[in-house]
Amino acid sequence: FGAARVFQQSGDTADVIAEAIDCCPVDCIHAVSFNELEVLERHRRGLLAGGGMAAAQGAGKLAARAEGRDTANWRSPLRDG
């Protein structure tokens, strides 16, 4: 029910990173360019400041799925911005 954030990108070998991506049970590890990262970080800061982070994750996401509402795709800020 949470989120993870990488603080040291490329901190391991390419094989170890590929293994982590392959082993992720919910397909949540993605590579983004530096420009995309800036957009996503700006969006994340806005969610944190406005209290939207909790609604976008965990119970809020499960409730939205159960009610048939669309949940935001992680790429939405890149398309919308």
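Residues numbered from 1 in each chain as written. Predicted model: local features only at pLDDT ≥ 70, side-chain atom pairs only at ≥ 80, totals over all residues. Heavy atoms only, no water.

Chemist: Whenever I open this one, the overall build of the chain confuses me. Can you help?
Modeler: The helix and strand tally for the chain stands at five helices and zero strands. Counting helices and strands in the order they occur from the N terminus, the chain gives α-α-α-α-α. For the chain, the residues scored as buried account for 10% of the 81 residues in total. Sequence-distant contacts, at least 24 apart, represent 59% of the contacts inside the chain between residues at least 6 apart. As presented, the chain carries roughly 6,500 Å² of accessible surface, and 54% of it is formed by carbon and sulfur atoms. (Helix = DSSP H or I, 4+ residues; strand = E, 2+ residues; numbered from the N terminus. Buried < 20%, exposed > 50% of the residue type's maximum accessible area, 1.4 Å probe, protein only. Contact = heavy atoms within 4.5 Å. Areas by Shrake-Rupley, 256 points an atom, 1.4 Å probe, with all protein chains shown as cover.)

Chemist: Explanation requested: the pattern of salt bridges in the structure shown.
Modeler: Counting across every chain of the model gives one salt bridge. Between R44 and E41 there is a salt bridge, and its shortest N-O distance comes to 3.0 Å. Here R44 and its partner E41 are both found in helix α2 (residues 34-50), three residues apart, which amounts to about one turn of the helix. (Salt bridge = Lys/Arg side-chain N within 4 Å of Asp/Glu carboxyl O.)

Chemist: Quick question: what am I supposed to make of the confidence of the model for the chain here?
Modeler: Segments scoring low in pLDDT should not have their predicted coordinates read at a detailed level. Looking at the chain as a whole, its pLDDT mean stands at 74, while 62% of the residues score no less than 70. Here helix α3 (residues 52-56) stands out as the least confident element of the chain, with mean pLDDT 62; helix α1 (residues 14-23) is the most confident, with 85. (pLDDT = per-residue confidence, 0-100.)

Chemist: What exactly am I supposed to notice about a nonpolar patch on the surface here?
Modeler: Taken together, I17, I21 and I29 make up a surface patch of nonpolar side chains, about 210 Å² in accessible area. Counting through the fold element by element, I29 comes out in the loop between α1 and α2. (Patch = residues over 30% accessible without salt bridge, like charges linked within 9 Å, V, L, I, M, F, W, Y side chains within 5 Å.)

Chemist: What am I meant to see in the environment of E36 here?
Modeler: With respect to the helices, strands and loops of the structure, E36 is situated in helix α2. Remark: the alpha-carbon pair of E36 and P77, spanning 41 residues in sequence, is separated by 9.0 Å. Residues contacting E36, with those up to four places away along its chain left out, are R75 and L78.

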